[in-house]
Amino acid sequence: QVHLVESGGGLVQPGGSLRLSCAASGSIVSIYTMGWYRQAPGKQRELVALIFSGGATNYADSVKGRFTISRDNAKNTVYLQMNSLKPEDTAVYYCNQYRSTSFVYWGQGTQVTVSS
């Protein structure tokens, strides 16, 4: 059974940084597409970043140049380094593993709040 556990969220001032972690069990992060999504209050969940099995990455325009997705195969963990945070980055951030349209897994989410 696939289990994704996010951590690293919290309260940070504008311009600050946070690193989110997504630890996977029951699955190998390096052979599937892994992603970070976020959902702000009253808004739909949106894609933040993807890392593909081959290592290529993709980012939402709103976070390009500020966020970096990466993975540590030895730790079976995916990370999201978030720099230059803005109040509009405030959301619950979710880790995602995509295998096919029938097999998509989500973590429980971690809250990120950017406020002075």
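Up top is the structure.
Since we're looking at a predicted model, the values are computed, not measured.

Calculation notes
- Residues numbered from 1 in each chain as written.
- Predicted model: local features only at pLDDT ≥ 70, side-chain atom pairs only at ≥ 80, totals over all residues.
- Heavy atoms only, no water.
- Helix = DSSP H or I, 4+ residues; strand = E, 2+ residues; numbered from the N terminus.
- Buried < 20%, exposed > 50% of the residue type's maximum accessible area, 1.4 Å probe, protein only.
- Pairing = 2+ DSSP bridges.
- Axes fitted to C-alpha atoms, helices over the stretch in contact; angles between N-to-C directions.
- Disulfide = S-S within 2.5 Å.

1. So, unusual backbone geometry
Its identity is not glycine, yet Asn76 carries a phi of approximately 55°, on the positive side. With respect to the helices and strands, Asn76 occurs in the loop between β7 (67-72) and β8 (77-82). Residue Asn76 is classed as buried on the basis of its relative accessible area, which comes to 15%. For Ser84, which is not glycine, the phi dihedral falls at a positive 50°. Tracing the backbone through its elements, the reader meets Ser84 in the loop between β8 and β9 (91-100). Looking at Ser84, the relative accessible area reads 41%, which means it is partly exposed.

2. A closer look at the pairing of strand β3 (residues 18-25)
The pairing of strand β1 (residues 3-7) with β3 spans five bridges and is antiparallel. When the sheet's bridge partners are listed, Leu4 is paired in β3 with Ala24. Relative to β8, β3 runs antiparallel, the two being bridged by six bridges. Opposite Leu18, over in β8, you have Met82 as the bridge partner.

3. Regarding the sheet that holds β3
Ordered in space as β1-β3-β8-β7, the four strands form an open sheet in which the pairing is antiparallel. The open sheet has two free edges, formed respectively by β1 and β7, since each of these has just one partner strand. If you compare each strand with its neighbour and ignore which way they point, the axes differ by 15° on average.

4. Description of the state of the cysteines
Scanning the entire structure with this criterion turns up one disulfide. Across a sulfur-sulfur distance of 2.0 Å, Cys22 and Cys95 are joined as a disulfide pair. Between Cys22 and Cys95, the disulfide has an S-S torsion of -75° and is therefore left-handed. Of this pair, Cys22 sits in strand β3 while Cys95 sits in strand β9; the two residues are 73 residues apart in sequence, bridging distant segments of the chain.

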